[in-house]
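Coordinates in review
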Amino acid sequence: MKALVAVPEAPGGIELREVAPPELAPGHVLVRVKAVSLNRGEVRALATAAEGWRPGWDLAGVVERSGGEPTAPREGARVVGVVGGGAWAELVAVPLHQVATIPDEVTDAAASTLPIAGLTACWTLRIGGASPEYPVLVTGAAGGVGRFAVQLAAHGGADVTAVVGAPQRGQGLRELGAGSVSVGMPASGEYHTILESVGGRSLASALGLVGPRGVVVSYGNSSGEATTFDVSAFYRRSAQLLGFSIFAELERSGDVTADLMLLAEMLADGHLEAEISLEDDWREAPAAFTALMDRRVPGKAVLHVS
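Presented here is an overview of the structure given in this document.

Definitions and limits used
- Residues numbered from 1 in each chain as written.
- Predicted model: local features only at pLDDT ≥ 70, side-chain atom pairs only at ≥ 80, totals over all residues.
- Heavy atoms only, no water.
- Helix = DSSP H or I, 4+ residues; strand = E, 2+ residues; numbered from the N terminus.
- Polar contact = N/O pair within 3.5 Å; in protein donor to acceptor, adjacent residues only side chain to side chain.
- Buried < 20%, exposed > 50% of the residue type's maximum accessible area, 1.4 Å probe, protein only.
- Arc of directions from axis to C-beta.
- Contact = heavy atoms within 4.5 Å.
- Patch = residues over 30% accessible without salt bridge, like charges linked within 9 Å, V, L, I, M, F, W, Y side chains within 5 Å.
- Areas by Shrake-Rupley, 256 points an atom, 1.4 Å probe, with all protein chains shown as cover.
- Salt bridge = Lys/Arg side-chain N within 4 Å of Asp/Glu carboxyl O.

Another aspect to go through is the environment of glutamate 196. Secondary-structure assignment places glutamate 196 in strand β11 (residues 191–196). Sequence separation between glutamate 196 and serine 218 is 22 residues; the distance between their C-alpha atoms is 4.8 Å. In this structure the side chain of glutamate 196 is engaged in a polar contact, spanning 3.2 Å, whose partner is the backbone nitrogen of valine 198. Polar side-chain contacts of glutamate 196 include one of 2.8 Å to the backbone nitrogen of glycine 199.

As structure tokens, this is what we get:
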């Protein structure tokens, strides 16, 4: 079978190569992949990856073999799944607790955006205690996680402030449910739940904007900056700063099927939009990587496995 494999000297650090097909271990289903979505973390890792490394986390496709497990999706079922690596391939073995069936109304491309970005948005809002009673602040709101977070928080009844780095990055966020869009961190205000993915000065500002007994959930550091903040001003609010890692949470939670199904159903009934702004064949992966890392992709980038 074919797969996208790390090749340091190749354009984009990636090349389509023949590899051995995966074996179907107990507790897994074999999925013929139709679409994958890109995440900055896996693309960034290609810069230092050894030749032969197999990237890829998100996938959507059709069950080729179920392995006979009673709880497995049937063969031929359309599914979305997440793996720790190797998703950019024609065939992928996915653990049963990391795969879910998808409604007919949801395209493969849209489904593929759900695992990393959708689950991160869903879980960070849940951990942060987002509710209709309290305002929510989302940094990096133009990205894949940010756009899902704005929609999910607004759908839950919260007043959402979306933070972006440039005016053009804020386009469409009000339509997704943001009550206000801020270019850069707000100079003032008080928020109960803050989802923070930029780090550096942005995280420092977030710690100054969180309200009493509020929560700042840090899940990224796209700025690459260190963070300095006034500890006294922060702890006097009895607020919390929590670090979030999607793969640590996947390991801890054990089963993501229910949440993946919930997100897929929200796509199907129109309560959630995938917001795909780049869609191409997987042979065009290097160009897609460049666009993503240059921040020319509001929302998600998807590659079709042809």
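Not every positive phi belongs to a glycine, and glutamate 275 is a case in point at roughly 55 degrees. Secondary-structure assignment places glutamate 275 in the loop between α9 (257–268) and β14 (276–281). By relative accessible area, which is 25% here, glutamate 275 ends up partly exposed. Positive phi outside glycine occurs at arginine 295, with the angle close to 60 degrees. Looking at where arginine 295 falls in the secondary structure, it is placed in the loop between α10 (285–293) and β15 (300–304).

This part is about α10. Within α10, the full set of buried residues consists of Ala285, Ala288, Phe289, Ala291 and Leu292. Along the axis of α10, the buried residues cluster in a sector spanning 165 degrees; they form a single face. At the C-terminal side of α10, arginine 295 shows a positive phi close to 60 degrees.

Take leucine 119: it is sitting in helix α3 (residues 114–127). Leucine 119 sits 14 residues away from glutamate 105 along the chain, and the two C-alpha atoms are 20 Å apart. Excluding residues within four positions of it along the chain, leucine 119 makes contact with Leu114, Ile246, Leu250, Val256, Asp259, Leu260 and Leu263.

Before going further, it helps to examine a nonpolar patch on the surface. There is a patch of nonpolar side chains on the surface, built from Phe229, Val231 and Tyr235 and spanning about 290 Å² of accessible area. Within the secondary structure, tyrosine 235 sits in helix α7 (residues 231–235).

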